[in-house]
Amino acid sequence: MSSTPEERLAAAGLKLPPTPAPVAVYVPAVLNGHHVYTSGQLPMVDGALPLTGKVGAEVTPEQAKELAQQCALNALAAVASVAGDLSAVKRVVKVVGFVASDPSFTGQPGVVNGASELLGTAFGDAGIHARSAVGVSVLPLDAPVEVEIIVELHAPMGA
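Fair warning: this is a prediction, and the values are worked out from it, not measured in the lab. (Residues numbered from 1 in each chain as written. Predicted model: local features only at pLDDT ≥ 70, side-chain atom pairs only at ≥ 80, totals over all residues. Heavy atoms only, no water.)

When helices and strands are counted, the chain shows 3 helices and 5 strands. Counting helices and strands in the order they occur from the N terminus, the chain gives α-β-β-α-β-α-β-β. Relative to a compact globule of 159 residues, whose C-alpha radius of gyration would be 15 Å, the chain shows 15 Å and is just as compact. Seen through its C-alpha atoms, the chain measures out along the principal axes to roughly 50 × 35 × 25 Å. With 159 residues in all, the chain has 44% of them scored as buried. Contacts in the chain between residues far apart in sequence, at least 24 positions, make up 82% of those at least 6 positions apart. Here the chain displays about 7,400 Å² of accessible surface, and carbon together with sulfur accounts for 55% of that area. Side chains of the chain give 8 positive and 14 negative charges; the mean places of these two sets differ by 7 Å. (Helix = DSSP H or I, 4+ residues; strand = E, 2+ residues; numbered from the N terminus. Rg over C-alpha atoms; globule rule 2.2 N^0.38 Å. Buried < 20%, exposed > 50% of the residue type's maximum accessible area, 1.4 Å probe, protein only. Contact = heavy atoms within 4.5 Å. Areas by Shrake-Rupley, 256 points an atom, 1.4 Å probe, with all protein chains shown as cover. Lys, Arg positive; Asp, Glu negative; His and termini not counted. Charge placed at Lys NZ, Arg CZ, Asp CG, Glu CD.)

Looking now at the side chain of Ser116. Tracing the chain through its elements places Ser116 in helix α3 (residues 108–123). On the basis of relative accessibility, which here comes to 16%, the residue Ser116 falls in the buried class. Not counting chain neighbours up to four residues away, the residues in contact with Ser116 comprise His129 and Arg131.

Have a look at this one:
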């Protein structure tokens, strides 16, 4: 793959958004050596949640999968905010997805695939990662999905 992650996202009709502002007391991402750890990213679009509620009740699994993709885009924006750009990413190491679920909903892995597939689009084989998909009773602001990622950089910033 000779194009950049940003170019591959653009070819898929996606654009890296501005880094979402935190909704509490934390930073969107922290650089530690060769790794960037993001805070949990909600599916914010222009500062607002496009949908709220529980997956399997008010939100369909298909809608939630799209929201997980937005979470991953927001996480990549957070990575770029401390790494300079996404070409600094050597590989995606870990994805953790939280799905606010109706008690009868058990399709959390399919929802979090929205994030995983986006990372594959951006990074190809370097986007293949370890992952957890966890059902929870509620998320901040009644968001249906939240995603955090850990990426390894080619070299630490300033090296």
